[in-house]
Amino acid sequence: MPTGNVTTTHQSGGLTESDVIPDRVHAKVGQAEEGIVNKAYYIRTLKQAKNVFGRGPLIDSLTQYFEEFDESLAQKPVPVICVRPDNDGTPTASTANLDNSLVPVRDDITAPGTANGHVNGTPTGDRVVKLKIVKGGAAETAVYRLSTDGGVSYGEPIETPASGSPISLDAGMTLDFTNDTGTDAFVEGDIWTVNIYGPSPTRASIETAVSSLIQEYRCYWIHVLGGVTRAFAVSINSILTDMQDNYNQPTFAILEGLSRAEAEVENGAAFADDAGYFQYIQDEYDPFQSERIAIVIGEGRYISGGIANAGGYAVVDASETIAEDWRNAATLLTAKLASGGPNVSAGYVREKRSLTFSEIRYWDQGYQDYMDTFHDMRLTVLKEYNDYDGIFIARDRIKSGVDSDFIEIPERRRADKMHRIVYQSSLPFLNQDTEIRAGAGGIEYLKASIDAQIAEEMEKPGRAEISSHKIVLDPDGDFALTGILKVSLAMYVAQRIKAIEWETTFARTS
């Protein structure tokens, strides 16, 4: 039954276990270049992820995810179940898709070389490739070094080939030169840049990938990479409903709000100012409600390798050379949830500071003014505090209605855990050959067994995730006739006046 808009205080705990705790494992669904489409991989390390998926946004998210665990707080990285959708979309127009002439870029006023560059091939992934001339001259004399990571690192010096001979770039693309026989064809310092954009998954293929997790019972929540529209969020919600109602797999999804560039594509035009973007976000997501979806609105400036490895906040704040790599905070949220138990909020300031974000995008351009509005809409937002260094999740909210019990993710996680315990404890009884009768040897015995299991896993002194619980099995007394076990559940949480209550049904497996 609804209890209205209630504020919950979450406690810290459960961060020091040595083994992987099942209810901290989640799934990520996102674009990658390698790996079997729609297959769930249990990823334990970043090295394993790169071996399976190669490159792509999924790898980028996993990189940040593993960096966000604070070893000084005994936070142990938790494995992730990863699924790669089919890259069935059409690549966007770029220099990688056209056989066109490129112009080298120089850092000084010296005239560039006279060679003409032509790009060919079918792109298989996204890259920023740079070819830097380190020795000038004609073809077969000039020497270049190649970078496939946008100039962060370069390979060994290689002699330029004969005119028209292709140079392998990466991701299925090649580059060849013409008009390159003169001594001024290549000039030392020339940098040829090729922006490669490969195919990405369509929303339909992402939905298929999420659906592939329907019977993946190791998954306790799902992070879907890439900005989502309201319509797409509705589709994901339908999949989650199917998971619970037909497969007894209660879970929730963490979705990324549209970035400004994505929102302008959906809008069909650029926004006149930052306020236009924030208003679009409000209009897009305000009508949507779900007790199983969190939508993250906010991007942070990602520091590769983490803040500590970059020298700390003071060094990062003063640096003018760190690249602007803005990322949605959904990955940060998933890491902070995985670092604590179901009762621990990702907004717990003392232990949940981001280890990879140095600032919030658009903070001074309006984000901080719209933050409370987004928060009241039950969107998950980022926050800075006056007396704490760093970037934090404000509160991990569920995009539910105003009369819902499920306001924040810890309520959802605890209810889902209790649901799973009841189902797993009931299943042997539902599938036994003999009839389950009322009385001490039947329903009452089953209830006592379930109560004991919930108390053991969720109500241990010092590690309690809920204060107490109540379950009612077969309240209508019709299980013997229908074979469907109806269950009423209630859990009591510290600092909440009323219980969180819901109902479900379990049936014999077919």
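First, a word on what this report is: a plain description of the structure on this page. (Residues numbered from 1 in each chain as written. Predicted model: local features only at pLDDT ≥ 70, side-chain atom pairs only at ≥ 80, totals over all residues. Heavy atoms only, no water.)

## Looking at the side chain of Glu299
Moving on, step 1. Secondary-structure assignment places Glu299 in strand β15 (residues 299–302).
Moving on, step 2. Assessed through its relative accessible area of 10%, Glu299 is described here as buried.
Moving on, step 3. In this structure, Glu299 is in contact with Ser259, Tyr277, Trp326, Arg327, Asn328, Glu359, Ile360, Arg361, Tyr362 and Leu382, ignoring residues within four places of it in sequence. (Helix = DSSP H or I, 4+ residues; strand = E, 2+ residues; numbered from the N terminus. Buried < 20%, exposed > 50% of the residue type's maximum accessible area, 1.4 Å probe, protein only. Contact = heavy atoms within 4.5 Å.)

## Observations concerning the sheet that holds strand β13 (residues 253–256)
Moving on, step 1. Pairing is mixed in the open sheet, where eight strands are placed in the order β2-β3-β1-β12-β13-β14-β18-β19. Two strands bound the open sheet, and with one partner strand each, they are β2 (41–43) and β19 (388–393). On average, each strand axis in the sheet is inclined to that of its neighbour by 25°, with strand direction left out of account.
Moving on, step 2. Bridge count between strand β18 (residues 380–385) and β19: three bridges; the pairing is antiparallel. When the bridges of β19 are listed, Leu382 appears paired with Ile393. (Pairing = 2+ DSSP bridges. Axes fitted to C-alpha atoms, helices over the stretch in contact; angles between N-to-C directions.)

## Topic: helix α10 (residues 409–430)
Moving on, step 1. Helix length check: α10, at 22 residues, gives a terminal C-alpha distance of 30 Å against a target of 32 Å (1.5 Å per residue), a fit within 8%.
Moving on, step 2. The element α10 is extensively covered by neighbouring structure, given that 19 of its 22 residues are classed as buried. (Expected span 1.5 Å × (residues − 1).)

## As for the environment of Thr229
Moving on, step 1. Looking at where Thr229 falls in the secondary structure, it is placed in the loop between β12 (222–227) and α4 (230–247).
Moving on, step 2. By relative accessible area, which is 7% here, Thr229 ends up buried.
Moving on, step 3. Not counting the four nearest positions on each side in its chain, Thr229 is found in contact with Arg203, Leu258, Glu266, Glu284 and Tyr285.
Moving on, step 4. A distance of 3.2 Å separates the side chain of Thr229 from the backbone nitrogen of Phe232, its partner in a polar contact. (Polar contact = N/O pair within 3.5 Å; in protein donor to acceptor, adjacent residues only side chain to side chain.)

## Section: the sheet that holds strand β16 (residues 326–328)
Moving on, step 1. Strand order in the open sheet made by the three strands is β16-β15-β17, with antiparallel pairing throughout. Pairing within the sheet leaves two strands with one partner each, and these edge strands are β16 and β17 (357–360). Each strand axis lies, on average, 40° off the axis of its neighbour in the sheet, ignoring direction.
Moving on, step 2. Pairing analysis gives two bridges linking β15 to β17, with the strands arranged antiparallel. Bridge pairing in β17 links Tyr302 to Phe357.
Moving on, step 3. With respect to the sheet, helix α2 (residues 57–67) is in contact with β15, β16 and β17, its orientation differing from that of β15 by roughly 80°.

## So, unusual backbone geometry
Moving on, step 1. At Ala171, a residue that is not glycine, the phi angle is positive and equals roughly 55°.
Moving on, step 2. Relative to the helices and strands, Ala171 is located in the loop between β9 (167–168) and β10 (173–178).
Moving on, step 3. Classification of Ala171 by relative accessible area gives buried; the value is 5%.
Moving on, step 4. Phi angles above zero are rare outside glycine, and Arg378 is one such case at about 65°.
Moving on, step 5. Tracing the chain through its elements places Arg378 in the loop between α9 (363–376) and β18.

## Observations regarding the environment of Pro201
Moving on, step 1. Relative to the assigned elements, Pro201 resides in the loop between β11 (191–196) and α3 (203–211).
Moving on, step 2. When its relative accessible area of 15% is taken as the criterion, Pro201 is described as buried.
Moving on, step 3. The sequence separation of Pro201 and Phe374 amounts to 173 residues, and the corresponding C-alpha distance is 28 Å.

## As for the packing of aromatic side chains
Moving on, step 1. Counted under the stated rule, the structure contains 20 aromatic pairs.
Moving on, step 2. The interplanar angle of 80° and the centroid separation of 5.3 Å between the aromatic rings of Tyr41 and Phe53 together place this pair among those described as edge-to-face. Taken together, the residues Tyr41 in strand β2 and Phe53 in helix α1 (residues 46–53) connect sequence positions 12 residues apart.
Moving on, step 3. The exposure class assigned to Tyr41 is buried, which follows from its relative accessible area of 14%.
Moving on, step 4. Using a relative accessible area of 0% as the deciding quantity, one classes Phe53 as buried.
Moving on, step 5. By the ring-pair criterion, three or more aromatic residues cluster together here, those being Phe271, Tyr277, Phe278, Tyr280, Tyr362, Trp363, Tyr367, Tyr370 and Phe374.
Moving on, step 6. Its guanidinium or amino end placed over the ring of Tyr154, Lys132 lies 5.9 Å from that ring's centre, counting from NZ or CZ. (Phe/Tyr/Trp six-rings, centres within 6.5 Å; stacked < 30°, edge-to-face > 60°. Lys NZ or Arg CZ within 6 Å of the ring centre and 35° of its normal.)

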